[in-house]
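Topology and contacts: notes
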Amino acid sequence: MTGPDATIDATFRALADPTRRGVIELLRTKPRRASDLADACSCSRPAMSRHLRVLRAGGLVVTSSEEDARERIYTLRPEPFRELRDWLEHVEKFWALQLDSFKQHVERTRGRRR
Amino acid sequence: MTIAGDQVAVEVMVDVAPAVAFEVFTDEIDRWWRRGIAYRASGRSAGVLTLEPRVGGRLFEEYEGPAGLRVHEAGTVTAWDPPGHLAFEWRGSNFAPGEVTYVEVTFALTESGRTRVRLVHRGFAALRPDHPVRHGAPVVEFIGRFATWWGALLRAYRDHAGGDG
């Protein structure tokens, strides 16, 4: 279980910054170039480049393979978000199992119709 | 802190009156709360879970650890309004001091005479983002890890991933 957990850690790290969350929001609508992202976020190109590096390392974005870095297109990668959804479902499952156990107990001991 | 999406909600319908559901939920919590490493701080050892029936009462688990009797306190009761409403704090066993999330349970009579029990666990967005992560943790700690969730992240996730399933 180290694999997916490590991914989730990287996802959290990548998203622990408002600018990077802004980039995610922008990429949700369409893939964009780094320069467009820098302009949209009102940050310098070197700063955006650092943010994109973190997002890429976290596996949240992928780039097209243009040789010229300025022309690379950044696209959101859906897998980390699916893993986060799975994680949320684990928490829901925890409580669903608890309530199911509660239902069994209360109906077994106090139920009116059996 | 109320941020859209900063919560988990689960419901179950039980075939008893709300007052009975409330009483059993609280007074008999040790009898229905699942046992085992995924559900209790005591793991496989025999522990006893207690919910003290009043505002300010504690939700805690007592169990025999390697170094004698141990107590894991999950939190205190913040609302005690039988038969309809109960709220308590929830701290995972790996939470830092002062870190807390909130569980709210409502018991509502339905037209069929049964009770709809709805549990909402919220407050994850208020926790610090560098919450310690423990790999391979059981589900109780898994929920502790869930506390690293930020509201903004959850919103992003809902918007992005929620649409396709």
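Residues numbered from 1 in each chain as written. Chains lettered and ligands numbered in written order. Predicted model: local features only at pLDDT ≥ 70, side-chain atom pairs only at ≥ 80, totals over all residues.

All names here are of chain B. Direction of pairing for strand β2 (residues 47-51) relative to strand β3 (residues 58-65): antiparallel, over a ladder of 5 bridges. Each bridged residue has a counterpart across the sheet, and for Leu-51 the counterpart in β3 is Leu-59. Where β2 folds back on β3, the antiparallel hairpin that results is connected by 6 residues, among which Gly-56 adopts a positive phi of roughly 90°. Counted between consecutive antiparallel strands, the loop separating β3 from strand β4 (residues 68-81) contains 2 residues. (Pairing = 2+ DSSP bridges. Helix = DSSP H or I, 4+ residues; strand = E, 2+ residues; numbered from the N terminus.)

Between Pro82(B) and Pro83(B) the backbone carries a cis peptide bond, its omega angle lying at 5°. One non-glycine residue, Ser42(A), lies in positive phi territory at about 50°. Along the chain, Ser42(A) turns up in the loop between α3 (34-40) and α4 (45-57).

All names here are of chain A. Strand order in the open sheet formed by 3 strands is β1-β3-β2, and the pairing between neighbours is antiparallel. The open sheet has two edge strands, β1 (32-33) and β2 (61-63), and neither has a second partner. The pairing of β2 with strand β3 (residues 73-76) spans 3 bridges and is classified as antiparallel. In the strand pairing of β3, Val-61 is matched with Leu-76. Helix-sheet contacts for helix α2 (residues 18-29) involve β1, β2 and β3, and the interaxial angle to β3 is about 90°. (Contact = placed C-beta atoms within 7 Å. Axes fitted to C-alpha atoms, helices over the stretch in contact; angles between N-to-C directions.)

We now examine the pairing of strand β6 (residues 101-109) of chain B. Sheet faces and side chains relate simply in a regular strand, where the side chains alternate between the two faces. Residue and element names in this part refer to chain B. Looking at chain direction, strand β5 (residues 85-90) and β6 are connected through 6 bridges and run antiparallel. Across the sheet, the residue bridging to Glu-89 is Tyr-102, located in β6. As paired strands, β6 and strand β7 (residues 115-122) are joined by 8 bridges and run antiparallel to one another. Its bridge partner being in β7, Phe-107 is matched across the sheet by Val-117. Two successive antiparallel strands, β6 and β7, enclose a turn made up of 5 residues, where Gly-113 displays a positive phi of approximately 85°.

Residue and element names in this part refer to chain A. Within the secondary structure, Ile-24 is located in helix α2. Overall, Ile-24 belongs to the buried group, with 22 C-beta atoms counted inside 10 Å. Each C-alpha atom, one on Ile-24 and one on Leu-76, is 7.2 Å from the other, the two residues being 52 residues apart in sequence. (Buried ≥ 20, exposed ≤ 12 C-beta atoms within 10 Å, placed from the backbone.)

The subject of this paragraph is the confidence of the model for chain A. Residue and element names in this part refer to chain A. For chain A, the average pLDDT comes to 81, and 82% of its residues sit at 70 or higher. At the level of individual helices and strands, chain A shows its lowest average pLDDT in helix α1 (residues 2-15), which scores 59, and its highest in β1, which scores 94. When the criterion is pLDDT under 50, residues 1-5 qualifies, and its contacts beyond four places in sequence or with other chains add up to 5 contacts. (pLDDT = per-residue confidence, 0-100.)

Moving on to the nonpolar core. Counting 24 residues, the largest nonpolar core has Val106(A), Ala21(B), Phe25(B), Val105(B), Val117(B) and Leu119(B) as its most contacted members. Elements that contribute at least two residues to this core include exactly α5 (79-110) of chain A together with β1 (7-14), α1 (18-27), β5, β6 and β7 of chain B. Top element by residues in this core is α5(A). It accounts for 5 residues. With sequence-adjacent residues up to four places away left out, Ala21(B) is seen in contact with Val106(A), Val14(B), Val16(B), Phe107(B), Thr115(B) and Val117(B). Counting 14 residues, the second largest nonpolar core, distinct from the first, contains Ala14(A), Ala34(A), Leu55(A) and Leu76(A). (Core = buried A, V, L, I, M, F, W, Y, C linked by C-beta atoms within 7 Å.)

Take α4(A) next. Residue and element names in this part refer to chain A. Here α4 is 13 residues long and its end C-alpha atoms lie 18 Å apart, about the 18 Å a rise of 1.5 Å per residue gives. Where α4 is concerned, the buried positions are Met-48, His-51, Leu-52 and Leu-55. One face of α4 carries all of its buried residues, which in axial projection span an arc of 100°. In α4, the exposed positions angled more than 90 degrees off the buried face are occupied by Pro-46, Arg-53 and Ala-57. Directly beyond the C-terminal end of α4, a positive phi value near 75° is found at Gly-59. (Expected span 1.5 Å × (residues − 1). Arc of directions from axis to C-beta.)

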